[in-house]
Amino acid sequence: MRRLMIGLMLLAFCSPAQAEQISPVKARGIAMAQAAALTPPVKPAPKKKIKKKKKAAPKGPPAKELLGSVAVPAPLAARSIGAYSKGCLAGGVALPINGPDWQVMRLSRNRNWGHPRLIDYLERLASDARAFDEWPGLLVGDLSQPRGGPMLTGHTSHQVGLDADIWLTPMPDRILTDQEREDISAVSMLKDPFTVDPEVWTPERTKLIKRAASYPQVHRIFVHPAIKKILCQQAGAKNRRWLAKVRPWWNHYYHFHVRLSCPPGIAGCANQKPVAGNDGCGTELKNWYAMLRKSEIWKANHPPAPAKPAKPAKSKKRLKRVADLPKDCKTVLASGGHDPSATDPATVPVALRAVASKDAGPPPPRLDAAALLALMGGKPRGMPLPDRNPTR
Ligand SMILES: [Zn+2]
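Bear in mind that the values here come from a model prediction, so they are computed numbers and not experimental data.

> Explain the overall build of the chain to me, please; I cannot follow it from the model alone.
When helices and strands are tallied, the chain shows twelve helices and 13 strands. Buried positions account for 32% of the 392 residues belonging to the chain.

This is how it looks when you write it as structure tokens:
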């Protein structure tokens, strides 16, 4: 529009009567301006879309099948490689299945492997808790697989040998048989989805988790929000700093999950952000309770479908391959002469999945109908489920 106006003004100026008075140079300039004004603006040629070549998805069996079927550690120097939920473990060490103050549960899973930093920590915690906190001994659940990495069932983390699940059930005063370690169920600490059962929870459990959080190498501890709540109540007014490390998370109601920080000086081990300094008993816990309530309402509106004996549902998610993990995990997988190509995807994972899928504890409690109705304010209605990742 502006160009058109200039053009019209120039035309008016350049009427033949005036043209004689204009110098040739000026005239040429005016002519060019006229031409520019009257020519429709040239549209820039559309940019050619450069088609990005899709990166070919790495082939081969999923990483969880390969790493989940190696029964022995990688004979390399101990190293946690990658991130808690995307990595592997070199030089894994087994926590002995029986110690003076601990016993390992669910032996068939072969998940009592960790970085030596984790094994040292567990032995020390078991001994200190018995000596100072009247806790008779630890029942230890999953650590990592011999070479870490993703698992066929259960956790998304526990991949680098720095995570451990510890039951909130005390160790009995006798050595359990292998079969008992498969069959005994951990005890739920919850009375309902929001509340710890006062008949089950004892101050010794608070002391145990406080002890577990007290070592400098502990990065975080995960517990169900209701457990965090009771810890907040029982912690006392002084020395509440340890509570900062204890974080609410879904489904940790019969065990707690200890996560150690990366051993110092290890390249390629990815720590999480350090926790904020406050005890997390205020706004954070309040927000978790809001999520718990939403989750209960969502569950009420989405009752589980009746189990079908038919074929397993196909997930659309592309499963991680070893090539998706840090590159040293390929070396970890193949070290010690292990041949990953010998893994028969048709048989091994099925058997492994069967043993590994046994839950260690009871299913989460559900609200009864009256409590649910009260929670919904008398009006059952759909609500979006908050982001949740039940397994760690
Ligand atoms: Zn865990």
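What follows picks up the thread again.
> What's the story with helix 5 (residues 116–133) in this structure? I'm lost.
Side chains three or four residues apart in an α-helix point the same way, a direct result of the helix having 3.6 residues per turn. Its 18 residues place the ends of helix 5 24 Å apart at the C-alpha level, agreeing with the 26 Å of an ideal helix rising 1.5 Å per residue. Taken as a whole, helix 5 has its buried residues at Arg117, Leu118, Ile119, Tyr121, Leu122, Leu125, Ala126 and Ala129. Once helix 5 ends, the next one or two residues include Glu134, with phi positive near 55°.

> Quick question: what am I supposed to make of the environment of His115 here?
Within the secondary structure, His115 is located in the loop between strand 6 (113–114) and helix 5. Taking C-alpha positions, His115 is 9.9 Å from Pro146, a pair spaced 31 residues apart along the chain. Leaving out residues up to four positions away in the same chain, His115 has contacts with Ala78, Ser80, Leu89, Gly161, Leu162 and Pro263.

> Is there a simple way to think about unusual backbone geometry in this case?
Across residues other than glycine, the phi torsion is negative in most instances, and most of the peptide bonds are trans. Positive phi is not limited to glycine here, since Asn110 has a value of about 55°. Looking at where Asn110 falls in the secondary structure, it is placed in the loop between strand 5 (102–104) and strand 6. A positive phi angle, close to 45°, is found at Asn239, a residue other than glycine. Looking at the secondary structure, you find Asn239 in the loop between helix 8 (225–234) and strand 12 (246–248).

> I tried to follow the environment of Ala369 on my own but got confused; where do I start?
Residue position: Ala369 is located in helix 12 (residues 369–375). Remark: the alpha-carbon pair of Ala369 and Ala300, spanning 69 residues in sequence, is separated by 9.3 Å.

> Would you take a moment to explain the nonpolar core for this structure?
In a soluble, globular protein the nonpolar side chains are often hidden away together inside. Core analysis: the biggest nonpolar cluster contains 64 residues, and Leu122 and Val140 have the highest contact counts within it. If we ignore the near neighbours within four places in the chain, the residues touching Leu122 are Leu95, Trp102, Val140 and Ala164.

> Would you mind going over the packing of helix 8 against helix 9 (residues 283–301) with me for this structure?
Where helix 8 contacts helix 9, the axes come no closer than 10 Å and their chain directions differ by 150°. The angle between helix 8 and helix 9 places the two elements in the roughly antiparallel class. Here helix 8 runs over helix 9; the crossing is left-handed. Of the residues in helix 9, those in contact with Pro225, Lys228, Lys229 and Cys232 of helix 8 are Leu285, Trp288, Tyr289 and Leu292. Its residues placed into classes, the contact of helix 8 with helix 9 shows six nonpolar, no polar and two charged.

> I'm lost on the packing of helix 5 against helix 7 (residues 203–213) in this one. Help?
For any two helices packed against each other, the geometry is given by the interaxial angle and the distance between the axes. Running from amino to carboxyl end, helix 5 crosses helix 7 at an angle of 135°, the nearest separation of the two axes being 10 Å. With respect to helix 7, the element helix 5 is oriented oblique. Our pair here, helix 5 against helix 7, has a crossing hand that is right-handed. Two secondary-structure elements touch here, helix 5 through Leu125, Asp128, Ala129 and Asp133 and helix 7 through Glu204, Lys207, Leu208, Arg211 and Ala212. Of the residues belonging to the contact of helix 5 with helix 7, the class tally is four nonpolar, no polar and five charged.

What counts, and where the lines are drawn
Residues numbered from 1 in each chain as written. Predicted model: local features only at pLDDT ≥ 70, side-chain atom pairs only at ≥ 80, totals over all residues. Helix = DSSP H or I, 4+ residues; strand = E, 2+ residues; numbered from the N terminus. Buried ≥ 20, exposed ≤ 12 C-beta atoms within 10 Å, placed from the backbone. Expected span 1.5 Å × (residues − 1). Contact = placed C-beta atoms within 7 Å. Core = buried A, V, L, I, M, F, W, Y, C linked by C-beta atoms within 7 Å. Axes fitted to C-alpha atoms, helices over the stretch in contact; angles between N-to-C directions. Parallel < 35°, antiparallel > 145°, perpendicular 65-115°, else oblique. Left-handed = near helix turned anticlockwise from the far one by under 90°. Nonpolar A, V, L, I, M, F, W, Y, C, P; charged D, E, K, R; others polar.

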